[in-house]
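Take a look at the letters that make up each chain.
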Amino acid sequence: ARFALAVAFAALAFFCYRPEIPSRPSILAESLTISILPHTEKFQRLDQEIHTRGLRGQHFFLTGGNRGLGRGILTQLLALGANVTATVRRPSPQLVAELQAEAAHLPGPAGVSPGQLQLEELDLGDLRSVRRLGRRLPTRAYDACILNAGLAPATSDERTAQGLELAFGVNFLGNFELVQQLLQAKALRTAHSRLVLVSSHFHYTGHRMDFAALGQVSNYSFTEGLDFYSDSKVLLTTLGMELARRLQGVHPVHTLCPGPVHSDISRRSPEVLKPLIYWLSEKVFQNPVYAAKPVIVLAAADEFGQSTGTYHLMSVERLPRSDTRKPSNGKRLWQRATDLIEGLQL
(Lines give C-alpha, C1' and ligand atoms only; values in the text may rest on other atoms or scores of the structure.)
Protein backbone atom coordinates (compact mmCIF):
# COMPACT_ATOMS: atom_id res chain seq x y z
CA ALA A 1 0.00 0.00 0.00
CA ARG A 2 2.84 2.38 0.86
CA PHE A 3 4.56 1.66 -2.45
CA ALA A 4 1.35 2.19 -4.46
CA LEU A 5 0.66 5.49 -2.72
CA ALA A 6 4.25 6.63 -3.20
CA VAL A 7 4.05 5.90 -6.93
CA ALA A 8 0.75 7.77 -7.17
CA PHE A 9 2.14 10.79 -5.35
CA ALA A 10 5.33 10.67 -7.42
CA ALA A 11 3.26 10.83 -10.60
CA LEU A 12 1.29 13.73 -9.17
CA ALA A 13 4.54 15.45 -8.22
CA PHE A 14 5.73 15.27 -11.82
CA PHE A 15 2.79 17.39 -12.95
CA CYS A 16 2.66 19.70 -9.92
CA TYR A 17 6.32 20.55 -9.41
CA ARG A 18 7.31 24.24 -9.35
CA PRO A 19 10.89 25.54 -8.98
CA GLU A 20 11.96 26.73 -5.50
CA ILE A 21 8.52 26.27 -3.89
CA PRO A 22 7.20 22.88 -4.96
CA SER A 23 3.58 21.95 -4.42
CA ARG A 24 2.56 20.00 -1.37
CA PRO A 25 1.82 16.85 -3.39
CA SER A 26 5.40 16.82 -4.67
CA ILE A 27 6.80 17.29 -1.15
CA LEU A 28 4.62 14.49 0.21
CA ALA A 29 5.53 12.28 -2.74
CA GLU A 30 9.24 12.81 -2.15
CA SER A 31 8.90 12.11 1.56
CA LEU A 32 6.81 8.97 1.03
CA THR A 33 9.15 7.69 -1.66
CA ILE A 34 12.22 8.10 0.54
CA SER A 35 10.41 6.64 3.54
CA ILE A 36 9.77 3.31 1.79
CA LEU A 37 13.44 2.94 0.87
CA PRO A 38 16.13 1.76 3.29
CA HIS A 39 18.12 4.47 5.02
CA THR A 40 21.25 5.52 3.16
CA GLU A 41 24.32 3.30 3.50
CA LYS A 42 26.06 6.00 5.51
CA PHE A 43 23.24 6.21 8.06
CA GLN A 44 22.89 2.43 8.22
CA ARG A 45 26.60 2.18 9.01
CA LEU A 46 26.45 4.89 11.68
CA ASP A 47 23.29 3.38 13.17
CA GLN A 48 25.00 -0.01 13.38
CA GLU A 49 28.05 1.53 15.07
CA ILE A 50 25.80 3.17 17.68
CA HIS A 51 23.94 -0.08 18.32
CA THR A 52 27.20 -1.98 18.67
CA ARG A 53 28.88 0.33 21.19
CA GLY A 54 25.75 1.66 22.86
CA LEU A 55 25.32 5.04 24.52
CA ARG A 56 26.01 4.15 28.13
CA GLY A 57 27.25 7.16 30.08
CA GLN A 58 25.65 9.67 27.73
CA HIS A 59 22.74 11.95 28.59
CA PHE A 60 20.20 13.30 26.10
CA PHE A 61 17.60 16.04 26.42
CA LEU A 62 14.43 15.54 24.35
CA THR A 63 11.22 17.51 23.97
CA GLY A 64 7.93 15.78 23.28
CA GLY A 65 8.92 12.31 24.44
CA ASN A 66 5.54 10.73 25.13
CA ARG A 67 4.04 10.21 21.67
CA GLY A 68 4.84 9.67 18.02
CA LEU A 69 8.40 10.25 16.85
CA GLY A 70 9.50 11.52 20.26
CA ARG A 71 8.41 8.30 21.92
CA GLY A 72 10.39 6.32 19.34
CA ILE A 73 13.49 8.45 19.97
CA LEU A 74 13.14 8.20 23.75
CA THR A 75 12.66 4.44 23.98
CA GLN A 76 15.52 3.74 21.56
CA LEU A 77 17.91 6.00 23.47
CA LEU A 78 17.01 4.22 26.71
CA ALA A 79 17.46 0.81 25.07
CA LEU A 80 20.93 1.91 23.91
CA GLY A 81 21.89 2.60 27.51
CA ALA A 82 21.61 6.40 27.45
CA ASN A 83 20.06 8.45 30.22
CA VAL A 84 17.27 10.70 28.95
CA THR A 85 15.63 13.83 30.30
CA ALA A 86 12.43 14.24 28.32
CA THR A 87 9.80 16.95 28.48
CA VAL A 88 6.06 16.31 28.43
CA ARG A 89 3.12 18.45 29.36
CA ARG A 90 1.96 16.17 32.18
CA PRO A 91 4.73 14.00 33.67
CA SER A 92 3.81 11.17 36.02
CA PRO A 93 5.45 8.10 37.61
CA GLN A 94 3.06 5.92 35.61
CA LEU A 95 4.28 7.41 32.33
CA VAL A 96 7.91 6.89 33.35
CA ALA A 97 7.22 3.22 34.10
CA GLU A 98 5.33 2.78 30.82
CA LEU A 99 8.15 4.27 28.73
CA GLN A 100 10.85 2.30 30.54
CA ALA A 101 8.90 -0.92 30.00
CA GLU A 102 8.69 -0.20 26.26
CA ALA A 103 12.43 0.46 26.11
CA ALA A 104 13.17 -2.82 27.89
CA HIS A 105 11.53 -4.71 25.00
CA LEU A 106 13.68 -3.06 22.32
CA PRO A 107 16.96 -4.66 21.25
CA GLY A 108 20.06 -3.04 22.70
CA PRO A 109 23.82 -3.63 22.74
CA ALA A 110 25.06 -6.79 24.43
CA GLY A 111 25.73 -6.28 28.12
CA VAL A 112 24.21 -2.79 28.20
CA SER A 113 21.28 -2.15 30.54
CA PRO A 114 18.60 0.42 29.63
CA GLY A 115 19.32 3.95 30.76
CA GLN A 116 17.48 6.06 33.31
CA LEU A 117 14.57 8.35 32.45
CA GLN A 118 13.58 11.66 33.98
CA LEU A 119 10.47 13.54 32.86
CA GLU A 120 10.19 17.32 33.10
CA GLU A 121 7.08 19.41 32.65
CA LEU A 122 7.09 21.72 29.63
CA ASP A 123 4.45 23.44 27.52
CA LEU A 124 6.10 25.10 24.52
CA GLY A 125 2.90 27.08 24.02
CA ASP A 126 3.58 28.94 27.26
CA LEU A 127 6.83 30.91 27.39
CA ARG A 128 6.59 31.10 31.17
CA SER A 129 6.65 27.30 31.24
CA VAL A 130 9.80 27.38 29.09
CA ARG A 131 11.47 29.78 31.52
CA ARG A 132 10.47 27.70 34.52
CA LEU A 133 12.17 24.72 32.90
CA GLY A 134 15.19 26.91 32.17
CA ARG A 135 15.65 27.56 35.89
CA ARG A 136 15.83 23.79 36.47
CA LEU A 137 18.35 23.01 33.73
CA PRO A 138 21.67 21.58 34.92
CA THR A 139 25.06 22.81 33.69
CA ARG A 140 27.15 20.75 31.25
CA ALA A 141 24.80 17.79 31.49
CA TYR A 142 23.69 16.86 27.98
CA ASP A 143 25.52 15.25 25.07
CA ALA A 144 22.74 16.35 22.72
CA CYS A 145 19.49 18.29 22.91
CA ILE A 146 16.81 17.11 20.49
CA LEU A 147 14.06 19.67 19.91
CA ASN A 148 11.33 17.37 18.64
CA ALA A 149 8.04 18.67 20.06
CA GLY A 150 5.66 20.40 17.68
CA LEU A 151 2.11 20.38 16.40
CA ALA A 152 -0.16 21.06 13.45
CA PRO A 153 -2.94 23.48 14.47
CA ALA A 154 -6.54 22.39 14.13
CA THR A 155 -8.19 25.83 13.83
CA SER A 156 -7.32 29.46 14.53
CA ASP A 157 -9.37 29.25 17.74
CA GLU A 158 -6.32 27.74 19.43
CA ARG A 159 -3.78 30.21 20.83
CA THR A 160 -0.67 30.09 22.98
CA ALA A 161 -0.81 31.17 26.62
CA GLN A 162 0.47 34.57 25.45
CA GLY A 163 -2.25 34.87 22.78
CA LEU A 164 -0.10 34.13 19.72
CA GLU A 165 -0.96 31.91 16.76
CA LEU A 166 -0.45 28.34 18.00
CA ALA A 167 1.83 26.84 15.32
CA PHE A 168 4.10 29.88 15.43
CA GLY A 169 4.16 29.88 19.22
CA VAL A 170 4.87 26.18 19.70
CA ASN A 171 6.89 25.19 16.66
CA PHE A 172 9.09 28.28 16.50
CA LEU A 173 8.91 30.79 19.36
CA GLY A 174 8.76 28.21 22.15
CA ASN A 175 11.78 26.44 20.65
CA PHE A 176 13.60 29.77 20.21
CA GLU A 177 13.14 30.59 23.89
CA LEU A 178 14.10 27.04 24.91
CA VAL A 179 17.37 27.36 22.96
CA GLN A 180 18.10 30.60 24.85
CA GLN A 181 17.52 28.81 28.15
CA LEU A 182 19.73 25.85 27.17
CA LEU A 183 22.57 28.14 26.08
CA GLN A 184 22.29 30.42 29.13
CA ALA A 185 22.44 27.37 31.41
CA LYS A 186 25.42 26.02 29.42
CA ALA A 187 23.52 22.74 29.45
CA LEU A 188 25.54 21.09 26.67
CA ARG A 189 28.46 19.07 27.97
CA THR A 190 31.31 19.39 25.45
CA ALA A 191 32.25 21.03 22.16
CA HIS A 192 30.89 17.97 20.35
CA SER A 193 27.54 18.13 22.18
CA ARG A 194 24.96 19.25 19.70
CA LEU A 195 21.51 20.59 18.99
CA VAL A 196 19.16 18.67 16.68
CA LEU A 197 16.04 20.46 15.44
CA VAL A 198 13.17 18.38 14.07
CA SER A 199 11.58 20.45 11.30
CA SER A 200 9.58 19.44 8.22
CA HIS A 201 10.12 19.31 4.48
CA PHE A 202 6.80 21.16 4.29
CA HIS A 203 8.84 24.27 5.02
CA TYR A 204 9.32 24.31 1.24
CA THR A 205 5.62 25.12 0.82
CA GLY A 206 5.48 27.92 3.38
CA HIS A 207 5.03 31.58 2.55
CA ARG A 208 7.93 34.01 2.42
CA MET A 209 8.82 35.22 5.89
CA ASP A 210 6.88 38.31 6.95
CA PHE A 211 8.91 39.56 9.90
CA ALA A 212 6.41 42.28 10.79
CA ALA A 213 3.51 39.82 11.09
CA LEU A 214 5.16 37.08 13.17
CA GLY A 215 2.70 35.46 15.56
CA GLN A 216 -0.33 37.43 14.42
CA VAL A 217 -3.59 35.50 14.54
CA SER A 218 -5.71 35.05 11.42
CA ASN A 219 -8.90 33.10 11.03
CA TYR A 220 -8.32 29.75 9.38
CA SER A 221 -9.97 26.36 9.09
CA PHE A 222 -8.54 22.88 9.64
CA THR A 223 -7.56 22.54 5.97
CA GLU A 224 -5.89 25.97 6.01
CA GLY A 225 -3.99 25.13 9.18
CA LEU A 226 -1.33 23.38 7.11
CA ASP A 227 -0.32 26.81 5.76
CA PHE A 228 0.47 28.00 9.27
CA TYR A 229 2.23 24.73 10.09
CA SER A 230 4.40 25.12 6.98
CA ASP A 231 5.14 28.76 7.81
CA SER A 232 6.23 27.82 11.32
CA LYS A 233 8.61 25.21 9.91
CA VAL A 234 10.12 27.85 7.60
CA LEU A 235 10.96 29.81 10.74
CA LEU A 236 12.28 26.76 12.61
CA THR A 237 14.50 25.74 9.69
CA THR A 238 15.81 29.31 9.46
CA LEU A 239 16.53 29.15 13.19
CA GLY A 240 18.52 25.94 12.69
CA MET A 241 20.66 27.56 10.00
CA GLU A 242 21.21 30.70 12.11
CA LEU A 243 22.14 28.65 15.18
CA ALA A 244 24.72 26.76 13.13
CA ARG A 245 26.33 30.10 12.22
CA ARG A 246 26.18 31.55 15.73
CA LEU A 247 27.48 28.38 17.39
CA GLN A 248 30.17 27.64 14.78
CA GLY A 249 33.12 26.16 16.66
CA VAL A 250 31.09 25.98 19.89
CA HIS A 251 28.39 23.33 19.31
CA PRO A 252 27.23 21.52 16.15
CA VAL A 253 23.64 22.12 14.99
CA HIS A 254 21.69 19.84 12.66
CA THR A 255 18.16 20.11 11.28
CA LEU A 256 16.06 17.38 9.72
CA CYS A 257 12.65 16.35 8.52
CA PRO A 258 11.85 12.86 9.89
CA GLY A 259 9.40 12.15 7.07
CA PRO A 260 5.86 10.82 7.58
CA VAL A 261 5.60 9.11 10.98
CA HIS A 262 2.70 7.12 12.40
CA SER A 263 1.40 8.83 15.52
CA ASP A 264 -1.83 10.05 17.06
CA ILE A 265 -1.86 13.02 14.69
CA SER A 266 -5.55 12.30 14.11
CA ARG A 267 -6.38 13.51 17.62
CA ARG A 268 -6.33 17.12 16.39
CA SER A 269 -8.38 16.50 13.25
CA PRO A 270 -12.17 16.84 12.85
CA GLU A 271 -14.10 13.91 14.31
CA VAL A 272 -15.41 12.79 10.92
CA LEU A 273 -11.86 12.50 9.54
CA LYS A 274 -10.16 10.85 12.52
CA PRO A 275 -10.70 7.19 11.47
CA LEU A 276 -9.44 7.83 7.93
CA ILE A 277 -6.41 9.85 9.01
CA TYR A 278 -5.44 7.27 11.62
CA TRP A 279 -5.79 4.43 9.09
CA LEU A 280 -3.62 6.24 6.54
CA SER A 281 -1.04 7.04 9.19
CA GLU A 282 -0.91 3.43 10.38
CA LYS A 283 -0.76 1.86 6.92
CA VAL A 284 1.40 4.33 5.02
CA PHE A 285 3.70 6.18 7.41
CA GLN A 286 6.89 4.98 9.12
CA ASN A 287 6.67 3.46 12.58
CA PRO A 288 8.21 5.79 15.19
CA VAL A 289 11.11 3.51 16.14
CA TYR A 290 12.30 3.25 12.54
CA ALA A 291 11.73 6.97 11.90
CA ALA A 292 13.79 7.80 14.99
CA LYS A 293 16.99 6.26 13.63
CA PRO A 294 18.19 9.27 11.57
CA VAL A 295 17.48 11.57 14.51
CA ILE A 296 19.60 9.42 16.82
CA VAL A 297 22.40 9.21 14.25
CA LEU A 298 22.53 13.02 14.02
CA ALA A 299 22.45 13.30 17.81
CA ALA A 300 24.91 10.54 18.70
CA ALA A 301 27.22 9.59 15.82
CA ASP A 302 30.77 10.92 16.24
CA GLU A 303 30.80 12.05 12.61
CA PHE A 304 28.05 14.61 13.19
CA GLY A 305 29.92 16.02 16.15
CA GLN A 306 32.52 17.20 13.63
CA SER A 307 30.18 19.02 11.23
CA THR A 308 27.38 21.56 11.54
CA GLY A 309 24.59 23.25 9.61
CA THR A 310 23.27 20.18 7.79
CA TYR A 311 19.68 19.58 6.77
CA HIS A 312 18.41 16.04 6.15
CA LEU A 313 15.22 14.60 4.74
CA MET A 314 15.27 11.46 6.83
CA SER A 315 18.73 10.03 6.09
CA VAL A 316 19.25 11.95 2.83
CA GLU A 317 21.17 15.22 3.04
CA ARG A 318 19.44 18.07 1.21
CA LEU A 319 19.56 21.85 1.03
CA PRO A 320 16.72 23.61 2.82
CA ARG A 321 14.82 26.36 1.03
CA SER A 322 17.14 29.14 -0.11
CA ASP A 323 15.65 31.94 2.02
CA THR A 324 16.12 29.86 5.20
CA ARG A 325 19.87 29.79 4.47
CA LYS A 326 20.36 33.55 4.07
CA PRO A 327 22.33 35.04 6.98
CA SER A 328 20.38 38.30 6.70
CA ASN A 329 17.09 36.44 7.24
CA GLY A 330 18.53 34.50 10.17
CA LYS A 331 19.67 37.71 11.86
CA ARG A 332 16.34 39.46 11.27
CA LEU A 333 14.39 36.50 12.59
CA TRP A 334 16.58 36.26 15.70
CA GLN A 335 16.17 39.95 16.46
CA ARG A 336 12.43 39.95 15.75
CA ALA A 337 11.86 36.94 18.02
CA THR A 338 13.95 38.55 20.76
CA ASP A 339 12.00 41.81 20.52
CA LEU A 340 8.67 39.98 20.49
CA ILE A 341 9.48 38.03 23.66
CA GLU A 342 10.75 41.14 25.42
CA GLY A 343 7.54 42.95 24.48
CA LEU A 344 5.44 40.25 26.15
CA GLN A 345 6.89 41.23 29.55
CA LEU A 346 6.85 37.69 30.91
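The rules behind these values
- Counting restarts for each chain: residues are numbered from 1 in the order of the written sequence.
- Only residues with pLDDT of at least 70 are given local features in this predicted model, and only at 80 or more are side-chain atom pairs given and counted; all residues enter the totals for whole chains, interfaces and linings.
- Side-chain metrics in this entry use all non-hydrogen atoms of the structure; hydrogen atoms and water are not considered.
- Note on conventions: DSSP H or I runs of at least 4 residues are helices, E runs of at least 2 residues are strands, and numbering of each starts at the N terminus.
- Throughout this description, buried means an accessible area under 20% of the type-specific maximum (1.4 Å probe, protein chains only), exposed means over 50%, and partly exposed covers the range between.
- Contacts are residue-level and defined by heavy atoms, with any inter-residue pair within 4.5 Å sufficient.
- Confidence of the predictor at the level of single residues is given by pLDDT, which spans 0 to 100.
- The term salt bridge refers to a pairing of a side-chain nitrogen on Lys or Arg with a carboxyl oxygen on Asp or Glu at a separation within 4 Å.
- Polar contacts, as counted here, are pairs of nitrogen or oxygen atoms within 3.5 Å of one another; within protein the pair requires one atom able to donate a hydrogen and one able to accept it, and residues that are adjacent in sequence qualify only if both atoms are side-chain atoms.
- In this context, the arc is that of the directions from the helix axis out to the C-beta atoms.

Colleague: Would you mind going over the environment of Leu99 in detail, with residue names and values included?
Modeller: Mapped onto the secondary structure, Leu99 falls in helix H5 (residues 93–104). According to the relative accessible area criterion, Leu99 is buried, its value standing at 0%. If we skip the residues at most four places from it in the chain, Leu99 touches Gly65, Arg71, Leu74, Thr75, Leu78, Leu117 and Leu119.

Colleague: Tell me about the confidence of the model for the protein chain, residues and numbers included.
Modeller: Looking at the protein chain as a whole, the pLDDT averages 90, with 89% of positions reaching at least 70. Ignoring residues within four places in sequence, the model shows residues 11–18, a span with pLDDT below 50, making 7 contacts including any to other chains.

Colleague: Can you break down the pattern of salt bridges residue by residue, with the values?
Modeller: Any two side chains of opposite charge can pair, so long as their charged atoms come close to each other. Applying the stated rule across the entire model yields 14 salt bridges. The salt bridge involving Arg71 is made with Glu102; its shortest N-O contact spans 2.5 Å. Of the two residues, Arg71 sits in helix H4 (residues 68–79) while Glu102 sits in helix H5, which places them 31 residues apart along the sequence. For Arg71, a relative accessible area of 16% gives the class buried. On the basis of relative accessibility, which here comes to 33%, the residue Glu102 falls in the partly exposed class. One salt bridge connects Arg89 with Asp123, and the closest N-O pair in it is separated by 3.5 Å. In this pair, Arg89 is assigned in the loop between strand E2 (83–88) and H5 and Asp123 in the loop between strand E3 (117–121) and helix H6 (127–136), connecting sequence segments 34 residues apart. When its relative accessible area of 24% is taken as the criterion, Asp123 is described as partly exposed. One network of salt bridges, in which partners are shared, links Lys42, Arg45, Glu49 and Glu303.

Colleague: Please set out the side chain of Thr324 residue by residue, giving values where relevant.
Modeller: By the secondary structure assignment, Thr324 is in the loop between strand E8 (316–318) and helix H11 (327–344). One polar contact links the side chain of Thr324 to the main-chain carbonyl oxygen of Arg321, over a distance of 2.6 Å.

Colleague: Provide a residue-level description of H6, including the pertinent values.
Modeller: Every buried residue of H6 is accounted for by Leu127, Ser129, Val130, Leu133 and Gly134. Mapping the buried residues of H6 onto a view down its axis gives an arc of 155°, with all of them on the same face. Taken together, the buried residues of H6 touch strand E1 (59–63), E2, E3, helix H7 (166–184) and H11. Residue Asp126 occupies the N-cap position of H6, its side-chain oxygen lying 3.0 Å from the main-chain nitrogen of Arg128.

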